[in-house]
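# A look at the structure
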Amino acid sequence: MYPPEVAGLQYRGQLDFKKRFFGAYASQVQAMGSVDGVSLPCSGPCHNPTSDEADEHRASLEDERRRRRMISNRESARRSRMRKQSLLDELRSQVVYLRAMNRRLIDEINHVLEEQDRILQENAWLREEASDLQKKLHDMQVEITSAAPRAPYQA
């Protein structure tokens, strides 16, 4: 512990230990952690990391980021495939519906065309019958006028 002379003393000013000790690297040291207001470049409980350990740590962080990104990309691709499959299923059902509707419309058009042909034939037959009846009426009127006695002409 502290000697008895120092034990009761407290520093009342602001100690900027990081700037004085680490200088330009103070912000990097701050990111590493602090104990009792003093930044310590410590990756483990009791020792300072070597550059190999720092490289390994950075590599493991990058591997972890890469692994998370890969998982995220796989999940995104899976969702994209699911959306694509859903869209394809919807389009297939629309194709089935539209083909059935097309068949119904074609059947209806054929029925209307058959009805039109029947009506046109009936219309032609009725016109022919009307023409025959007109001719018979005319012939009858001619017979009646030619068979009727004529009244004497009076002037």
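Residues numbered from 1 in each chain as written. Predicted model: local features only at pLDDT ≥ 70, side-chain atom pairs only at ≥ 80, totals over all residues. Heavy atoms only, no water.

Identification of the chain as Basic leucine zipper 43-like from Phoenix dactylifera is taken from an unreviewed UniProt entry.

## Focus on the overall build of the chain
Here is the rule we go by: For the purposes of this entry, the term helix denotes a DSSP run of H or I that reaches at least four residues, the term strand denotes a run of E that reaches at least two, and both are numbered from the N terminus. Three exposure classes are used, based on accessible area relative to the maximum for each residue type with a 1.4 Å probe and protein chains only: buried under 20%, partly exposed in between, and exposed over 50%. Residue exposure ignores everything except the shown protein chains as possible cover, and the areas themselves are Shrake-Rupley values with a 1.4 Å probe.
Summing up its helical and strand segments, the chain has four helices and two strands in all. The N-to-C order of helical and strand elements in the chain reads α-α-α-β-β-α. Each of the 155 residues in the chain was classed as buried or not, and the buried ones make up 3%. Element-wise, carbon and sulfur atoms account for 56% of the exposed surface of the chain, whose accessible area totals about 14900 Å².

## Quick notes on a nonpolar patch on the surface
As a reminder, the rule being used: Residues enter a patch when their relative accessible area is above 30% and they make no salt bridge; the linking distance is 9 Å between like charges and 5 Å between nonpolar side chains (Val, Leu, Ile, Met, Phe, Trp, Tyr). We define a salt bridge as a contact between a side-chain nitrogen of Lys or Arg and a carboxyl oxygen of Asp or Glu at a distance within 4 Å.
A surface patch of nonpolar side chains, amounting to about 240 Å² of accessible area, comprises Leu 87, Leu 88 and Leu 91. Within the secondary structure, Leu 87 sits in helix 4 (residues 51–147). Overall, the relative accessible area of 48% leaves Leu 87 in the partly exposed class.

## Comments concerning the pattern of salt bridges
Summed over all chains, the structure comprises nine salt bridges. Arg 118 serves as the salt-bridge partner of Glu 115, at 2.4 Å between the closest nitrogen and oxygen. Of this pair, Glu 115 and Arg 118 are both found in helix 4, three residues apart, which corresponds to roughly one turn of the helix. Residue Glu 115 is classed as partly exposed on the basis of its relative accessible area of 31%. Owing to a relative accessible area of 40%, Arg 118 belongs among the partly exposed residues under this scheme. What you see here is one network of salt bridges that share partners, running through Glu 64, Arg 67 and Arg 68.

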